[in-house]
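One-letter residues, chain by chain:
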Amino acid sequence: HKIFIWLFLYVAVLLLSNTLIDFVVKGTVAKTNNSNDIASYMATLYATANIFVLSAQLFLMKPFLRWFGAGGILYSTPIAVIVSAIIYLIHPSLTTATILFVINLSIYYSLFNLAREISLNVLPPLVRAKAKSLIKGFANTVGAIAGSIIILMMSKLFGLYANVIFIIFTSVILIYLAYQIKLQYKKELSDQLLLKRFKSDDLLLQLEAADNYDEILSSTIRSHDIGLNLLGISILKKAKYKSALPKELKYWLEHDSEALFFAVAKLSCEINDPSLVKIIDKRMRVEKQSQIKLALLKIIKNIDEAKTLLYAKKLITNEDPALRAFCAYLLLQKGNFQEVKSAIDTIAQLMQSQHPVDRAEAAKIIGDLPVGNLSNELVKLVNDKSDIVCINALYAASKIKSEKIISAVAAQFNRNAVI
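Residues numbered from 1 in each chain as written. Predicted model: local features only at pLDDT ≥ 70, side-chain atom pairs only at ≥ 80, totals over all residues. Heavy atoms only, no water.

### Topic: the overall build of the protein chain
Then comes step 1: Helix and strand content of the protein chain: 21 helices and zero strands.
Then comes step 2: Counting only residues that meet the buried cut, the protein chain has 48% of its 419 residues in that class.
Then comes step 3: Residue pairs in contact within the protein chain that sit at least 24 positions apart in sequence constitute 69% of those at least 6 positions apart.
Then comes step 4: A total of about 21900 Å² of accessible surface is found on the protein chain, and carbon and sulfur atoms cover 62% of it. (Helix = DSSP H or I, 4+ residues; strand = E, 2+ residues; numbered from the N terminus. Buried < 20%, exposed > 50% of the residue type's maximum accessible area, 1.4 Å probe, protein only. Contact = heavy atoms within 4.5 Å. Areas by Shrake-Rupley, 256 points an atom, 1.4 Å probe, with all protein chains shown as cover.)

Right under this line is the structure:
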């Protein structure tokens, strides 16, 4: 969740800046006062600052929210801090340091907390709960520790001025982070509002409206809900999508989320997207699961013939019968003499195997094999005692016209699992 990551960074940098501001105020007070005066001044400062914080909460929240929105409010803290820090560099007095402190505290405790909570609210409930705990606990701690380390280093080397310059530097970073959060907030909010506006059944009906199509499609793909992601993939499939895959779908091919991987893999078999070759190459090198290798092989089959044959030659000896059978099927279509012979031997071994799973895989592809009349072999598989072999053979039989096969198929009507 990008908005969560940017908020986490914003809070960490903000706490770093707050730590530095606190030190600058106390350092300025310490220059001209003894310990009793410092205690008295800081107590008065905190009490006065709280009045300003309350005033900001009462009078600034609504107009700021109306003018800038939740994402835009996040600009208020760094801009106010930059202005007051620059004034401090020009006129480094206790008054300026106090203004810097009070402005930062007022905006931080009123506007920033509001903006953070509203921005988090666009996330799904479970993510929101986790995000709040990490931001309030871990990000605050990271920022405070980083601020303390910088104070120690800067004060020894350059004194208070260096810390003020660092405050300005962190505020510039905060402006960049606020920009990213505002972008992500708009995207997340539009997705959530759009997807909550319809029930799942209504979403499909809305696709009839041309103006809603692209909006709903991109929202379902960007959503953090696997069910909606799968809906987006099915929309693409329904639309007979033929151009390059969206980047989110490419990410799912690279990383393990099996439900999404296999859904995208099925869609990718119908799309000629050359950019997928690098993704498939990278994953093939490290992938252990034969099911995923088979899915990757089916994708690349439509994109790069040379790579397909290269993989087929390497994987035809794999232990998984489905992968071996598909490799044999590919080599029978495009392979040279030796490769075709290897493919025929593989299919023969699968058909003669004692394991029904092996025979079923041979039956599954035999109807598509470009090697002449295979009706005798298919009759044998249709009559197989294993139901799973027979069922796969029946699918293959539907692609071959033969009196022998019709008779063999008719004889299976007394098998309940097959009928």
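### Side note on helix 5 (residues 94-120)
Then comes step 1: Helix length check: helix 5, at 27 residues, gives a terminal C-alpha distance of 37 Å against a target of 39 Å (1.5 Å per residue), a fit within 8%.
Then comes step 2: Of all the bends in helix 5, the greatest, near 40°, is centred on tyrosine 108. (Expected span 1.5 Å × (residues − 1). Bend = angle between axes of the 7 residues up to and from the residue.)

### Structural notes on the environment of isoleucine 233
Then comes step 1: Relative to the helices and strands, isoleucine 233 is located in helix 10 (residues 226-238).
Then comes step 2: Sequence separation of isoleucine 233 and leucine 217 is 16 residues, and the distance between their C-alpha atoms is 8.5 Å.
Then comes step 3: Once you skip the residues sitting within four places of it in the chain, isoleucine 233 turns out to touch Leu249, Trp252, Leu260, Ala263, Val264 and Leu267.

### A short note on the nonpolar core
Soluble, globular proteins show a tendency: their nonpolar side chains are buried together.
Then comes step 1: Ranked by internal contacts, the top residues of the largest apolar core, which has 67 residues, are Leu249, Leu253 and Leu297.
Then comes step 2: Per-element accounting of this core gives the leading share, ten residues, to helix 16 (residues 321-334). (Core = buried A, V, L, I, M, F, W, Y, C linked by side-chain atoms within 4.5 Å.)

### Thoughts on the packing of helix 18 (residues 356-366) against helix 20 (residues 387-397)
Then comes step 1: Direction vectors running N to C along helix 18 and helix 20 enclose 5°, while the axes themselves pass 7 Å from each other. The angle between the axes of helix 18 and helix 20 places the two elements in the roughly parallel class. Along its contact with helix 18, which presents Pro356, Arg359, Ala360, Ala363, Lys364 and Ile366, the element helix 20 presents Ile388, Val389, Asn392, Ala393 and Ala396.
Then comes step 2: Counted by class, the contact of helix 18 with helix 20 contains eight nonpolar, one polar and two charged residues. (Axes fitted to C-alpha atoms, helices over the stretch in contact; angles between N-to-C directions. Parallel < 35°, antiparallel > 145°, perpendicular 65-115°, else oblique. Nonpolar A, V, L, I, M, F, W, Y, C, P; charged D, E, K, R; others polar.)

### A word on the packing of aromatic side chains
Then comes step 1: Here the structure, examined in full by the defined rule, presents five aromatic pairs.
Then comes step 2: Centre to centre, the rings of phenylalanine 8 and phenylalanine 138 are 5.9 Å apart; their planes meet at 35°, and the pair counts as tilted. Here phenylalanine 8, found in helix 1 (residues 2-32), pairs with phenylalanine 138, found in helix 6 (residues 125-157); they are 130 residues apart in sequence, far enough to count as distant.
Then comes step 3: Between phenylalanine 166 and phenylalanine 169, the aromatic rings sit 5.6 Å apart at their centres with planes inclined by 65°, giving edge-to-face as the arrangement. (Phe/Tyr/Trp six-rings, centres within 6.5 Å; stacked < 30°, edge-to-face > 60°.)

### Side note on the side chain of aspartate 358
Then comes step 1: In this fold, aspartate 358 is placed in helix 18.
Then comes step 2: One buried charged residue, aspartate 358, remains without a salt bridge, the closest side chain of opposite sign being arginine 324 at 4.5 Å.
Then comes step 3: Leave out the neighbours within four places in its chain, and aspartate 358 touches Pro321, Arg324, Leu350 and Ser353. (Lys, Arg positive; Asp, Glu negative; His and termini not counted. Salt bridge = Lys/Arg side-chain N within 4 Å of Asp/Glu carboxyl O.)

### Looking at the side chain of lysine 293
Then comes step 1: Topologically, lysine 293 is positioned in helix 14 (residues 290-300).
Then comes step 2: Of the side chains bearing the opposite charge, glutamate 287 lies closest to the buried lysine 293, which forms no salt bridge; the N-O distance is 7.4 Å.
Then comes step 3: Contact partners of lysine 293, with chain neighbours within four places excluded, come to Met284, Glu287, Leu315, Asn318 and Leu323.

### Remarks on the pattern of salt bridges
Then comes step 1: Tallied over the entire structure, the rule returns ten salt bridges.
Then comes step 2: The partner of lysine 307 in a salt bridge is aspartate 281, and the shortest N-O contact between them spans 2.7 Å. Of this pair, lysine 307 sits in helix 15 (residues 305-315) while aspartate 281 sits in helix 13 (residues 276-286), and the two are 26 residues apart along the sequence.
Then comes step 3: On the basis of relative accessible area, lysine 307 is assigned to the partly exposed category, the value being 26%.

### A word on the environment of lysine 130
Then comes step 1: By the secondary structure assignment, lysine 130 is in helix 6.
Then comes step 2: For lysine 130, a relative accessible area of 55% puts it in the exposed group.
Then comes step 3: Counting along the chain gives 126 residues from lysine 130 to phenylalanine 4, while the straight-line C-alpha distance between them is 9.9 Å.

### Some words on the packing of helix 19 (residues 375-382) against helix 21 (residues 403-410)
Then comes step 1: The contact between helix 19 and helix 21 brings their axes to 9 Å, and the two run at 0°. Considering the angle they form, helix 19 stands roughly parallel to helix 21. Between helix 19, through Ser375, Asn376, Leu378, Val379 and Val382, and helix 21, the contact on the second element is made entirely by Lys404, Ile405, Ala408 and Val409.
Then comes step 2: Its residues placed into classes, the contact of helix 19 with helix 21 shows six nonpolar, two polar and one charged.

### Structural notes on the environment of isoleucine 149
Then comes step 1: Locating isoleucine 149 in the fold gives a position in helix 6.
Then comes step 2: Sequence separation between isoleucine 149 and leucine 16 is 133 residues; the distance between their C-alpha atoms is 9.6 Å.

### Details of helix 18
Then comes step 1: Burial analysis of helix 18 places eight of its eleven residues in the buried class, which makes it a mostly covered element.
Then comes step 2: All of the buried residues in helix 18 are Asp358, Arg359, Ala360, Glu361, Ala362, Ala363, Ile365 and Ile366.
Then comes step 3: On its buried face, helix 18 sits against helix 16, helix 17 (337-352), helix 19 and helix 20.

### Let's talk about the confidence of the model for the protein chain
Then comes step 1: Confidence along the protein chain averages 80 in pLDDT terms, with 89% of residues attaining 70 or more.
Then comes step 2: Highest mean pLDDT in the protein chain belongs to helix 14 (89); lowest belongs to helix 8 (residues 200-206) (54). (pLDDT = per-residue confidence, 0-100.)

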